[in-house]
Amino acid sequence: MIAGKSNVSVCLSPMLSENYSLTDSKAVIIDILRATSCWVTALANGAVSVHPVSTLDECQNFMDSGYIGAAERQGKQVEGFDAGNSPFDFPAKKVIGKKIAATTTNGSRAIRGLMPAKEVIVGSFLNFSAVARYLENIENKLVLTCSGWEGGISLEDMIFAGAMLERLERYYMPSGDAAVICLELWKSAQPDIRTWLRRSSHVQRLLKLGLEKDVDYCFTMDLFNIVPVLAGDEIVIPNK
Ligand code: 3SL
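Below is a summary of the structure that appears in this document. From a predicted model like this one, the values you see are computed outputs, not experimental measurements.

Focus on the overall build of the chain
Link 1 in the chain: The helix and strand inventory of the chain stands at 10 helices and 11 strands.
Link 2 in the chain: Across its three principal axes, the chain shows a C-alpha extent of roughly 50 × 35 × 30 Å.
Link 3 in the chain: Among the 240 residues that make up the chain, the fraction classed as buried is 56%.
Link 4 in the chain: Partitioning the contacts of the chain with sequence separation of at least 6, the portion at a separation of at least 24 is 77%.
Link 5 in the chain: Looking at the chain as shown, the accessible area adds up to about 10300 Å², and 51% of this sits on carbon and sulfur atoms.
Link 6 in the chain: Separation of charge centres in the chain, based on 24 positive and 27 negative side chains, amounts to 3 Å.

Considerations on the packing of helix 5 (residues 128-135) against helix 6 (residues 155-167)
Link 1 in the chain: Running from amino to carboxyl end, helix 5 crosses helix 6 at an angle of 45 degrees, the nearest separation of the two axes being 10 Å. Put simply, helix 5 runs oblique to helix 6. Pair helix 5 / helix 6 crosses with right-handed handedness. Every residue of helix 6 that contacts helix 5 at Phe128, Ser129, Val131 and Ala132 is listed here: Phe160, Ala163, Met164 and Arg167.
Link 2 in the chain: Per-class residue counts for the contact of helix 5 with helix 6 are 6 nonpolar, 1 polar and 1 charged.

Remarks on the pairing of strand 2 (residues 25-30)
Link 1 in the chain: For strand 2, the buried fraction is high: 6 of the 6 residues fall into the buried class.
Link 2 in the chain: Side chains Ser25, Ala27 and Ile29 project from strand 2 onto one buried face, and the interleaved Lys26, Val28 and Ile30 project onto a second face that is buried too.
Link 3 in the chain: Sheet topology places strand 2 next to strand 8 (residues 141-146); 6 bridges connect them, and they run parallel. Paired with Ala27 across the strands is Val143, a residue of strand 8.

Notes on the site of the ligand
Link 1 in the chain: Taken together, 14 residues sit near the ligand, with Arg34, Asn85, Thr104, Asn106 and Gly107 positioned nearest.
Link 2 in the chain: In the model, an oxygen atom of the ligand is placed 2.7 Å from a nitrogen or oxygen of the Asn106 side chain.
Link 3 in the chain: Gly107 is positioned with one of its backbone polar atoms (N or O) 2.7 Å from an oxygen atom of the ligand.
Link 4 in the chain: Relative to its unbound accessible area of 290 Å², the ligand is 100% covered by the protein chains.
Link 5 in the chain: For the shell around the ligand, a count of residues per class yields 4 nonpolar, 7 polar and 3 charged.

What counts, and at which threshold
- Residues numbered from 1 in each chain as written.
- Predicted model: local features only at pLDDT ≥ 70, side-chain atom pairs only at ≥ 80, totals over all residues.
- Heavy atoms only, no water.
- Helix = DSSP H or I, 4+ residues; strand = E, 2+ residues; numbered from the N terminus.
- Buried < 20%, exposed > 50% of the residue type's maximum accessible area, 1.4 Å probe, protein only.
- Contact = heavy atoms within 4.5 Å.
- Areas by Shrake-Rupley, 256 points an atom, 1.4 Å probe, with all protein chains shown as cover.
- Lys, Arg positive; Asp, Glu negative; His and termini not counted.
- Charge placed at Lys NZ, Arg CZ, Asp CG, Glu CD.
- Axes fitted to C-alpha atoms, helices over the stretch in contact; angles between N-to-C directions.
- Parallel < 35°, antiparallel > 145°, perpendicular 65-115°, else oblique.
- Left-handed = near helix turned anticlockwise from the far one by under 90°.
- Nonpolar A, V, L, I, M, F, W, Y, C, P; charged D, E, K, R; others polar.
- Pairing = 2+ DSSP bridges.
- Near = heavy atom within 4 Å.
- Polar contact = N/O pair within 3.5 Å; in protein donor to acceptor, adjacent residues only side chain to side chain.

Here's what the structure looks like:
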């Protein structure tokens, strides 16, 4: 490690998280399609908090106590819940002043696995620069954690990680082969990231479900200037 720079590594899948020492690191949770993009949108639109939960039963219990219940499995909204996992499910008129409980196939479980970290920050392209600015000059090690898909990897999460590694290169020293792969991927995806990402299996899955609008939206840079973090069990915008 170069003096003055902290280490940044990339965890490509929650299945690999045991290889990272979270207790002395800050972590960024990444699920570009679509969990972290949804949570950032809901909070930017005025939701009080998002409580990520693993199971449908937990989500139902929160819904019974007044939360908006958002539940997705295999890309689709689960019947009986208030919302699925589309960013368009969380407009201001629906979420302002409300708490949300959210369960998704990968992201809501992946973030729960990061709870031992010193701080968990929610990253998406929608709040990319805000997160990058927040991470400049922090002295902790950093783990960029990709949610992937069912234990595997996801290109769009890796592209985000590569973009963040490049943005933070003045402040952090990339560590490990996963960081090298993500940086190389990010470079090779230039100049047209959206077209390059069409080869992602989850992009293809969402396109088959007619969700092109969601994909386009989630690849939009810097719509929001917010940095949501995990506070206890809930994701919030601090000092709000
Ligand atoms: O797995 C997840 O957390 C979701 O983001 C998947 S989906 O985009 O809602 O299909």
